[in-house]
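Chain by chain, the residues run as shown.
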Amino acid sequence: MPLQLGLVGLPNVGKSTLFNALTRAGAAVASYPFTTISPNVGVVPVPDNRLRRIAEIIRPERVVPATLRVVDIAGLVKGASRGEGLGNQFLAHIRDVDAIAMVVRCFQDINVPHVTSELNPLEDIETVELELILADLQVLERRLERVRSQAKGHPREYEAEIATLERVRQALEAGTSVRRMALEEAELAFLREVALLTIKPLLYVANVSEEELPEGGALAQVVKRRAAEEGAPCVVLAAPLEAELATWGEEEATAYLSELGLDMASLGRFIRTGYALLDYITFFTTTGGHEVRAWTLRRGQTAIEAAATIHSDMARGFIRAEVVRFEDLDAAGSMTRARELGYLRLEGRDYVVQDGDIIHIRFNI
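Residues numbered from 1 in each chain as written. Predicted model: local features only at pLDDT ≥ 70, side-chain atom pairs only at ≥ 80, totals over all residues. Heavy atoms only, no water.

Engineer: Looking at this structure, how should I read the overall build of the chain?
Structural biologist: When helices and strands are counted, the chain shows 14 helices and 12 strands. Relative to the compact-globule value of 21 Å for 365 residues, the chain shows a C-alpha radius of gyration of 23 Å, a close match. Expressed as lengths along the three principal axes of its C-alpha atoms, the size of the chain is roughly 65 × 65 × 35 Å. Counting only residues that meet the buried cut, the chain has 49% of its 365 residues in that class. Pairs at least 24 residues apart make up 69% of the contacts formed inside the chain by residues separated by at least 6 positions. (Helix = DSSP H or I, 4+ residues; strand = E, 2+ residues; numbered from the N terminus. Rg over C-alpha atoms; globule rule 2.2 N^0.38 Å. Buried < 20%, exposed > 50% of the residue type's maximum accessible area, 1.4 Å probe, protein only. Contact = heavy atoms within 4.5 Å.)

And the structure:
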């Protein structure tokens, strides 16, 4: 299944408009809270110039990009963790995604009321974060109660887990999200069975007016600083503009972006940033010239795992992987020339796949 990125934020910050730009799915948009009554889900292609270049060289019948699954989750409000608004229903939807894109309103528009009287991006971020922290505290306390019960007969067996859960609980009570804690791998292992929201990787999206592109204005700078403090990525975009550009031709959109001082659509940057948020890499396959396809792996995964991603039979009957780096194929200009120049390598099942590898799996079942 593709990486799931959840669009999260207060009502009327532009989540559904951004979702429409990403998917052209036509999710309902209106100037009142809870337009999105159930999560909208769309699968969008990940922009990758390498895939385009490989297709130019191979000239296949079909080109298939890697994909990103985007979930538009209805707006959270203060008190969501206690069931306010559409509260727990949407907190549950956030638990299902792999990473969070927090959309923060950085534009003024009298026709789209904000949930507070004054537009303050930092307060908005803290409102959303607090609700996620409070929801995590509820989950963690239930987990602690269960583990302590299990530990009555075997206290030493559960000692490390209880210590980890207690440490995380104290951090949450102090207003610190789990992602900002310095946790050991062993501690993270204890948390994998706990459905925490604030452990998920986070991307900030400063949604600005078109007039404030490309830098985004003073409000976007507030979001950028907050992201920098957390070591989180931040993308500045104007969601209505991106939704409009999604309906234009490529040349027309590129020319208009150039007038705004942008060298590419912010939407593409957002997709690529979301894709990279979980440290994913892309490898490519060329199927006898019929198809060029981009595939997704976690960084550090091996050739046998790449084979399983393509098809379980390939992993079961794996013999070897023939590997060419994208840069080498690009320089050679053809797969035949890459072979002649010695760029093609034979690798075993434990080879760690690198971002941009073009792989052909030899297998026999």
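Engineer: For this particular structure, what's the right way to read the packing of helix α4 (residues 121-151) against helix α5 (residues 155-173)?
Structural biologist: A pair of packed helices is characterised by two quantities: the angle between their axes and the separation of those axes. At their nearest, the axes of α4 and α5 sit 10 Å apart, and the two run at 160° to each other. Between α4 and α5, the crossing angle belongs to the class labelled roughly antiparallel. For the crossing formed where α4 meets α5, the hand is left-handed. For the pair formed by α4 and α5, the contact residues are I133, D136, L137, L140, E141, R143, L144, V147, R148, Q150 and A151 on the first element and P155, Y158, E161, I162, L165, E166, V168, R169, L172 and E173 on the second. (Axes fitted to C-alpha atoms, helices over the stretch in contact; angles between N-to-C directions. Parallel < 35°, antiparallel > 145°, perpendicular 65-115°, else oblique. Left-handed = near helix turned anticlockwise from the far one by under 90°.)

Engineer: How do you make sense of the sheet that holds strand β4 (residues 67-72) when you look at a structure like this?
Structural biologist: Whether parallel or antiparallel, the strands of a sheet pair through hydrogen bonds between backbone atoms. An order of β2-β4-β1-β5-β6-β7 is seen for the 6 strands of this open sheet, with the pairing classed as mixed. Lying at the two open borders of the sheet, with one neighbouring strand each, are β2 (40-45) and β7 (234-237). Along the sheet, successive strands turn relative to each other by an average axial angle of 25°, direction set aside. Direction of pairing for strand β1 (residues 4-8) relative to strand β5 (residues 99-105): parallel, over a ladder of 4 bridges. (Pairing = 2+ DSSP bridges.)

Engineer: What should I look at first to understand the nonpolar core in this one?
Structural biologist: Most often, soluble globular proteins keep nonpolar side chains buried together rather than apart. In this structure, L18, Y204 and F270 are the most contacted members of the largest nonpolar core, which totals 73 residues. In terms of residue count, β5 provides more of this core than any other element does, 6 residues in total. Dropping the residues within four chain positions of it, F270 is found in contact with L5, L7, L18, L22, A101, L203, V205, V235 and L237. (Core = buried A, V, L, I, M, F, W, Y, C linked by side-chain atoms within 4.5 Å.)

Engineer: How should I be thinking about the packing of aromatic side chains in this particular structure?
Structural biologist: Any aromatic ring pair is given by two values, namely how distant the centres are and how the planes are angled relative to each other. On inspection of all chains with the given rule, the structure shows 3 aromatic pairs. Ring plane angle 65° and centroid distance 5.5 Å describe the contact between W248 and Y256, whose orientation is recorded as edge-to-face. (Phe/Tyr/Trp six-rings, centres within 6.5 Å; stacked < 30°, edge-to-face > 60°.)

Engineer: What should I look at first to understand the confidence of the model for the chain in this one?
Structural biologist: Keep in mind that low pLDDT regions are not for reading the predicted coordinates in detail. Per-residue confidence for the chain gives a mean pLDDT of 88, with 90% of residues at or over 70. In this model residues 30-37 is a low-confidence stretch, pLDDT under 50, and it forms 21 contacts with partners more than four residues away in sequence or in other chains. (pLDDT = per-residue confidence, 0-100.)

Engineer: I would appreciate a short explanation of the state of the cysteines in the present structure.
Structural biologist: Cysteine pairs can be covalently joined through their sulfur atoms, and such a bond is termed a disulfide. Scanning the entire structure with this criterion turns up 0 disulfides. With no disulfide of its own, C106 lies closest to C234 among cysteine sulfurs, the gap being 7.9 Å. Taking the relative accessible area as the measure of exposure, C234 reaches 26% and is therefore partly exposed. (Disulfide = S-S within 2.5 Å.)

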